[in-house]
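# Analysis of the macromolecular model
Below are the chains, spelled out letter by letter.
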Amino acid sequence: MASCHLAKAKANAMASSKPLSPSSLLPLLSLLLLVLCSTNIASSSAATDCDPDDRAALLRVKSQLGDPVRLSSWQPSTNCCAWEPAVFCNAAGRVTGLALYALSELKAPVPAALGDLTALEILQIESVPGLSGPIPPSFSNLTRLRDLDINGTSISGPVPAFLSFANLSTLVIANSKLAGPIPAALAALPNLRYLDLSGNMLSGAIPPGLLHGSFRFLVLSNNRLTGKIPPDDYSDVDTVDLSRNRLTGDPTPFLFGITRPAVKIDLSWNELEFDMTGVSFPHHLRFLDLSHNKITGSVAKSLMDVNLEHFDVSYNELCGEIPAGRLMAVHGPDCYAQNKCLCGTPLPPCDTAM
């Protein structure tokens, strides 16, 4: 019988591996698509130089970052479409993609000159811990921006409401130092289907209607969010990760259901209160973590038909006999630890006198 810790280790390994993690595939696939398109463009029009205004904007970005060594190839007399790391251009020589990563020696605020790259569609900033300060208002000029992926920085301040003027389908500002509320204005982004603001210090309630379209991801874990989970339409949501916040209430009427397409639901380390007994969980679910809440009732029998790779309902107020048989056999005792009065396999037998 697999223990809950083994299941957790497997799930964590999958989540930490970017090539395998659904929550990291969308931005990476967007950049890969841009790379492939740019490669095809470069092969057919290798002589095309980059736009002079874009070259000048990139040189200002380099200067505002303190001229890091990693950007030494960014020279005024060269074609900026060939600059490393990762500048991508379209057939007209406009800069449409930029990836800045692993600039460990850098200590600078977010360059306002990034907002001068008005043709930019994809911007990725990864593992630049010395990048600090708020996102500058000049980002409101990036009206063509589809994918903004910032991860592992010291960027602070609020989530900018002016980002709602972009054409974003992916918005990631994770593992940084953002604070304040999530602006309701983000719900005005008609194509936003991937939102990751995890690992910050955001507070207040989750605004309704943040995501649109199909194959949606909502990742707001490791913040200080409060209030109830908004009763949105979750019929096309793949991943919901709201773990390690201070959320309250009962999300079961709108978040769960046999026909829901959700693959991952993580609501652990909150203050949610509901009776689990009759809850129907999605058959496609592979990751379910409800640990460290105030959930009552018994373990739902609908879980017998859900093939979960990660399952945890520990540290709640559940009671009664754990459903046995079918797909329940793989869950070890740690998955049920520290509840009110659960019994039956894999825990000790129930007292027949109960």
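Model, not experiment: these values are computed from the prediction.

## Describing the overall build of the protein
Per the secondary structure count, the protein includes four helices and 19 strands. The proportion of buried residues among the 354 residues of the protein is 50%. Excluding contacts between residues fewer than 6 apart, the proportion of contacts in the protein whose partners are at least 24 apart in sequence is 43%. When the accessible surface of the protein is totalled, it reaches about 15,100 Å², and 57% of it is carbon and sulfur.

## A few points about the pairing of strand β12 (residues 237–241)
Within β12, five of the five residues are buried, which leaves the element mostly enclosed by the surrounding structure. Here four bridges tie strand β10 (residues 216–219) to β12, and the two strands are oriented parallel to one another. Across the sheet, arginine 216 pairs through a bridge with valine 237, a residue of β12. As paired strands, β12 and strand β14 (residues 264–266) are joined by three bridges and run parallel to one another. Considered in β14, the bridge of aspartate 241 is made with aspartate 266.

## Quick look at the packing of aromatic side chains
Under the definition given, this model contains six aromatic pairs. Ring geometry for tyrosine 234 versus phenylalanine 254: centroids 5.9 Å apart, planes at 20°, classification stacked. Of the two residues, tyrosine 234 sits in the loop between β11 (224–228) and β12 while phenylalanine 254 sits in helix α4 (residues 252–255), which places them 20 residues apart along the sequence. Here tyrosine 234 matches phenylalanine 254 in class, with each residue buried. Grouped by ring-pair contacts, the aromatic residues Tyr194, Phe215 and Phe217 constitute a single cluster. Taking the ring centre of phenylalanine 287 as reference, the NZ or CZ of lysine 264 above it sits at 4.6 Å.

## Digging into helix α3 (residues 52–64)
Along its 13 residues, α3 runs 18 Å from first to last C-alpha, staying within 8% of the 18 Å computed at 1.5 Å per residue. Burial in α3 covers these residues: Asp54, Arg55, Ala57, Leu58, Val61 and Lys62. Seen end-on, α3 carries its buried residues on one side only, within an arc spanning 160°. Facing away from the buried surface of α3 by more than 90 degrees, the exposed residues are Pro52 and Asp53. On its buried side, α3 packs onto β1 (87–89) and β2 (95–101). With a side-chain oxygen lying 3.0 Å from the backbone nitrogen of aspartate 53, the N-terminal cap of α3 falls on aspartate 51. One or two residues past the end of α3 sits glycine 66, with phi positive at roughly 85°.

## Notes on the nonpolar core
The biggest cluster of nonpolar side chains holds 89 residues, and the ones touching the most others in it are Leu98, Leu267, Met276, Phe281, Leu288, Leu290 and Tyr336. The set of elements that each furnish at least two residues to this core consists of α3, β1, β2, β4 (122–133), β5 (147–157), β6 (170–174), β12 and α4. Tyrosine 336 has contacts with Val299, Phe311, Val313, Ser314, Ile322, Met328, His331, Leu342, Pro346 and Leu347, leaving out every residue within four places of it along the chain.

## Looking at the UniProt feature "domain: Leucine-rich repeat-containing N-terminal plant-type" (unreviewed entry) in the protein
Under the present numbering, the feature "domain: Leucine-rich repeat-containing N-terminal plant-type" (unreviewed entry) in UniProt falls on residues 52–84. The straight-line gap between the two end C-alpha atoms of residues 52–84 is 17 Å; of that span, 39% is helix and 0% is strand.

What counts, and at which threshold
- Residues numbered from 1 in each chain as written.
- Predicted model: local features only at pLDDT ≥ 70, side-chain atom pairs only at ≥ 80, totals over all residues.
- Heavy atoms only, no water.
- Helix = DSSP H or I, 4+ residues; strand = E, 2+ residues; numbered from the N terminus.
- Buried < 20%, exposed > 50% of the residue type's maximum accessible area, 1.4 Å probe, protein only.
- Contact = heavy atoms within 4.5 Å.
- Areas by Shrake-Rupley, 256 points an atom, 1.4 Å probe, with all protein chains shown as cover.
- Pairing = 2+ DSSP bridges.
- Phe/Tyr/Trp six-rings, centres within 6.5 Å; stacked < 30°, edge-to-face > 60°.
- Lys NZ or Arg CZ within 6 Å of the ring centre and 35° of its normal.
- Expected span 1.5 Å × (residues − 1).
- Arc of directions from axis to C-beta.
- Polar contact = N/O pair within 3.5 Å; in protein donor to acceptor, adjacent residues only side chain to side chain.
- Core = buried A, V, L, I, M, F, W, Y, C linked by side-chain atoms within 4.5 Å.
- UniProt positions renumbered as here; feature names shortened; annotations may be inferred.

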